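What follows is each chain in one-letter form.
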Amino acid sequence: MMWESESDSGVVGGGGREYDGGVLSTNKHGSVKTDGFELRGQSWFVSTDISSDLLVKICDMNFHLHKYPLLSRSGKMNRLIYESREPDPTILILDDLPGGPEAFELASKFCYGVPVDLTATNISGLRCAAEYLEMTEDLEEGNLIFKTEAFLSYVVLSSWRDSILVLKSCEKLSPWAENLQIVRRCSESIAWKACSNPKGIRWAYTGKSPSQSPKNTNNFTSSSPRWNETKDSSLYCSPSRNNNNNQPVPPDWWFEDVSILRIDHFVRVITAIKVKGMRFELLGAVIMHYAGKWLPGQIKEGSPATSTTIGGGDDMSVSCGSNSSGGSSGNDWKGGLHMVLSSTKPNGHHQDSTTSLAGHGTSPKEQRMIVESLISIIPPQRDSVTCSFLLRLLRSANTLKVAPALITELEKRVGMQFEQATLQDLLIKGETMQYDVDLVQRLLEHFLVQEQMEGSSPSRMSPSRGMHADAGVPRGNSISGNNNSNSQNAKMRVARLVDSYLTEVARDRNLPLTKFQVLAEALPESARTCDDGLYRAIDSYLKAHPTLSEHERKRLCRVMDCQKLSMDACMHAAQNERLPLRVVVQVLFSEQVKISNALANTSLKESTTLGEAMSTTYQPMIPNRKTLIEATPQSFQEGWAAAKKDINTLKFEIETVKTKYVELQNEMEAMQRQFEKTGKVKTSSSSAWTSGWKKLSKLTKTSVPESPGGEQAGGVDHQPVRKPRRWRNSIS
């Protein structure tokens, strides 16, 4: 039931309060009759002949009032005035009143019976102020709590526009707005309307700007990969009773309106929408849209998202037509919600709720809170947001020092879609190095873990990889083959991405060889069918690090398979002076094998074709060297001649090294013989006396004793008499 229908009866509730078109009025003015309120500088005065006996101070505003109108309707004022016991005028300080001076001004006017204009921008503050002042039904029927609650329930919550504005105005009313369930009820109302069928929408909304084309999207505001709708000028005007009912409404009609909310209220709305079963593609798209508006440090210069300024809507398409579901005053929709929030009050005071519109005036602390909240509400489904968005969000998270647990969770999400990343997304600045190579290494590890999990459990396969174009194909027979094929294709895309990344970061002189090697070897060998990209990265690293030793260069080149290089890469590597000689030889040999195989296959095919034409049995012939050379193209012959020359040079160098080795070996043997001879001389001279005594003792034992007379037989030889040998001596 709409509030306008109640106002037709003339009286709402008790107490004689009347409401007409959002205006609260009363027929009872108490004992103080007034023509209204008058503002003088920073003070409000009641236009009456009765002198003021109550002074209320709120912030920098003073209110010169009378006790009786407030005592009769406010339990809080009644108690404070009774407890003060001060002589007139009684002074009360209410700096903690929710809604501030603006809300108390409206509450005071209501107490005096002055008509009060209720709008979506002041109703939440007035409702909280009424609760603070205890303006309940116990004091008077139809008091301010009853009136504001009825306006919220029957007017605000039935209107899309008013629900957004009231929720926006609750930003400075915590915890009062939370305790009074204003935030919850507005979030639920917005969620119900956002989940409505776009064909049935008849209320006004703020559409996307026509200038926000896909080519001009900023870092974050990119459409979901699985959600692409036709964008034309007819979609940017809100439907109304006067418009053509056949006019289409895009699924993202509510993005712009909910993006003006503060992050905590935005999370409440998205949570309520998620509970009601909104598609995860749309949830991801609105999160990207919100991030593009509230993270201005990540938006490129000239981005369409920065065209929405606080004070104007010239660059923003706004709704046209009336609010068919009922507005706070029944007026037509005059412009977008950004324009409404940035409007000025009739008395010239600017609304406080516009001080920090989307992306303007957000501090690093607020940006960190935004990033953390967005990470926590991203739908868990794969492809709900783009990988590019996740990487940019990860870059912001690292810059803003977000909680490590959230960064880890975000890295895992990137790993799920790592094959969708681009080189520019991965070039994230590092602390000690030019780029954060460790981060890319972790992302690659998460990707490989995810691939392994999906390969071992087909049921975990994502919808984007498991969808079949033909619905009639039985999934049970082909899901395993498609899963393996998609997984292999993803690894090949990641391999090309990693090779490009290595080529870029290899120019960093601070990049250690170990990090380069670990990242290059992280993927399995089957992920690369051609190592040209890896060779290009290795060559870039060798250029940037000319001081590498021979061992380090060989270690670097081990990550590359020479047999997977193309002909162009082989030609370049054969003439590359930065590569080790062993690698050059391997490249030349691989190139020769490829040429021979290619020529043999060509000759075999030609001979087979000729044999079939002659209907004879083909006997394959192995071409000799002359035939191979003649059949080789001129470009290959020139390359082979240069390669052959290099091989001969290498052979000559090897022979020279062998000759020098033989000479050194002969010299070493001569020196060894001389050294042994010198050692023997020293040993003989040192033991001369010892050997002499040994010989003398042997002669003494074996000599024969002379005769007693000393005579010797003249011609007769006397044989010496020997003693029998003892068995302990050796007979040998």
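Not measured: the values here are computed from a predicted model.

Reading the values: the criteria
Counting restarts for each chain, with residues numbered from 1 along the sequence as it is written. With the structure being a predicted model, the display of local features is reserved for residues of pLDDT at least 70 and the display and counting of side-chain atom pairs for 80 or more, all residues being used for whole-chain, interface and lining totals. The side-chain quantities take in all heavy atoms of the structure and omit both hydrogens and water. Whenever a carboxyl oxygen of Asp or Glu lies within 4 Å of a side-chain nitrogen of Lys or Arg, that contact is scored as a salt bridge. Each helix is a run of H or I in the DSSP string that is no shorter than four residues. Each strand is a run of E no shorter than two, and both are numbered from the N terminus. A pair of strands is considered paired only if DSSP assigns at least 2 bridges between the two. Two aromatic rings from Phe, Tyr or Trp, using only the six-membered ring of Trp, form a pair when their centres are within 6.5 Å; if the ring planes differ by under 30 degrees the pair is stacked, by over 60 it is edge-to-face, and anything between is tilted. Classification of residues uses two cut-offs on accessible area relative to the type maximum, computed with a 1.4 Å probe and protein chains only: under 20% is buried, over 50% is exposed, and between them is partly exposed. For a ring to carry a charge above it, either NZ of a lysine or CZ of an arginine must fall within 6 Å of the ring centroid while also lying within 35 degrees of the normal to the ring plane. We call two N or O atoms a polar contact when they sit within 3.5 Å, provided that within protein one can donate a hydrogen and the other can accept it, with sequence-adjacent residues counted only if both atoms are side-chain atoms. Helix axes are fitted to C-alpha atoms over the stretch in contact, other axes to C-alpha atoms as well, and angles between N-to-C directions run from 0 to 180 degrees. Pairs of residues are marked as contacts when any of their non-hydrogen atoms sit within 4.5 Å. Only buried residues count toward a nonpolar core, which is a set of Ala, Val, Leu, Ile, Met, Phe, Trp, Tyr and Cys residues joined through side-chain atoms within 4.5 Å. The arc in question is the one traced by the directions running from the helix axis out to the C-beta atoms. A residue's pLDDT is the predictor's confidence in that residue, given on a scale from 0 to 100. Oblique is the label for any angle not under 35 degrees, not over 145, and not in the 65 to 115 range, which are roughly parallel, roughly antiparallel and roughly perpendicular in turn. Each crossing gets its hand from how the near helix is turned against the far one by less than a right angle, where anticlockwise is left-handed and clockwise is right-handed. Each residue gets one of three labels, nonpolar for Ala, Val, Leu, Ile, Met, Phe, Trp, Tyr, Cys and Pro, charged for Asp, Glu, Lys and Arg, and polar for the others, Gly among them. To estimate the expected span of a helix, count its residues, drop one, and scale the result by 1.5 Å.

(A) Spotlight on the pattern of salt bridges. Enumeration over the complete set of coordinates arrives at 23 salt bridges. Ionic pairing is found between E188 and K276, a salt bridge with its closest N-O pair at 2.7 Å. Linking E188 in helix α9 (residues 182-194) with K276 in the loop between α11 (263-275) and α12 (280-294), this pair joins segments that are 88 residues apart in sequence. Measuring nitrogen to oxygen at the nearest pair gives 2.8 Å for the salt bridge that ties D438 to K515.

(B) Representation of the pairing of strand β4 (residues 43-46) in the model. Here strand β3 (residues 37-40) runs beside β4; their pairing, made up of 4 bridges, is antiparallel. For E38, the partnering residue across the bridge sits in β4 and is F45. Remark: 2 residues form the turn of the hairpin made by β3 and β4, two consecutive strands paired antiparallel; G41 in that turn has positive phi of roughly 65°. Examined bridge by bridge, β4 and strand β6 (residues 61-65) share 3 bridges and lie parallel to one another. When the bridges of β6 are listed, S43 appears paired with N62.

(C) Quick look at the packing of aromatic side chains. A complete count under the given rule lists 10 aromatic pairs for this structure. When the centroid spacing of 5.0 Å and the interplanar angle of 40° are considered together, the rings of F516 and Y541 count as tilted. With F516 in helix α21 (residues 513-520) and Y541 in helix α22 (residues 532-544), the pair connects residues that are 25 residues apart, well separated along the chain. Here F516 matches Y541 in class, with each residue buried. Pairwise contacts between aromatic rings join F37, W44 and Y112 into one cluster. Taking the ring centre of Y132 as reference, the NZ or CZ of K76 above it sits at 4.8 Å. For the cation-ring pair, K276 lies above W192, with the distance from its terminal atom to the ring centre recorded as 4.8 Å.

(D) Quick peek at the side chain of K293. With respect to the helices and strands, the residue K293 is situated in helix α12. Within polar-contact distance, the side chain of K293 engages the side chain of E256 at 3.2 Å.

(E) Spotlight on the sheet that holds strand β7 (residues 90-93). The mixed open sheet is built from 5 strands, whose spatial order is β3-β4-β6-β5-β7. Here the strands that pair on one side only, and so sit at the sheet edges, are β3 and β7. When the angles between neighbouring strand axes are averaged without regard to direction, this sheet yields 20°. With respect to the sheet, helix α3 (residues 75-84) is in contact with β5 (54-58) and β7, its orientation differing from that of β7 by roughly 125°. Helix α4 (residues 100-112) contacts β3, β4, β5 and β6 of the sheet and is inclined by roughly 10° relative to β6.

(F) Highlighting the nonpolar core. Core analysis: the biggest nonpolar cluster contains 154 residues, and F104, W254, V258, F266 and F418 have the highest contact counts within it. Looking at this core, the element that brings in the most residues is α12, giving 9 residues.

(G) Local environment of α21. All buried positions along α21 are accounted for by L513, F516, Q517, L519 and A520. Down the axis of α21, the buried set is contained in an arc of 165°. They therefore lie on one face.

(H) Broad picture of the confidence of the model for the protein. When pLDDT is averaged along the protein, the result is 74, and 64% of the positions lie at 70 or above. The low-confidence segment residues 210-245 (pLDDT under 50) makes 89 contacts with residues lying over four places distant or belonging to another chain.

(I) Layout of the pairing of β5. Judged by how many residues are buried, β5 sits mostly within the fold: 4 of 5 residues are covered. Examined bridge by bridge, β5 and β6 share 5 bridges and lie antiparallel to one another. Its bridge partner lying in β6, V56 is registered against F63. With antiparallel pairing between neighbouring strands as the criterion, β5 and β6 make up a hairpin whose turn holds 2 residues, including C59 at a positive phi of roughly 60°. As judged from the 4 bridges shared by β5 and β7, these two strands associate in the parallel manner. Looking across to β7, one finds that K57 is bridged to I93.

(J) Representation of the packing of α22 against helix α24 (residues 567-574) in the model. Contact pair α22 / α24: the axes reach a minimum separation of 10 Å and the direction vectors enclose 25°. Judged by the angle between their axes, α22 and α24 are roughly parallel. In this structure, α22 meets α24 at a crossing whose hand is left-handed. Facing D532, Y535 and D539 of α22, the residues of α24 in contact are A569, H572 and A573. Counted by class, the contact of α22 with α24 contains 3 nonpolar, 1 polar and 2 charged residues.

(K) Expanded view of unusual backbone geometry. Omega for the peptide link from S174 to P175 comes to 0°, which places this bond in the cis form. Following the sequence through the fold, P175 ends up in the loop between α7 (160-169) and α8 (176-179). The phi angle at K401 is positive, at roughly 60°, despite the residue not being glycine.

(L) Quick look at α22. Given a rise of 1.5 Å per residue, 13 residues ought to cover 18 Å, and the 19 Å separating the end C-alpha atoms of α22 matches this to within 8%. For α22, the buried fraction is high: 11 of the 13 residues fall into the buried class. All buried positions along α22 are accounted for by D532, G533, L534, Y535, A537, I538, D539, S540, Y541, L542 and A544.

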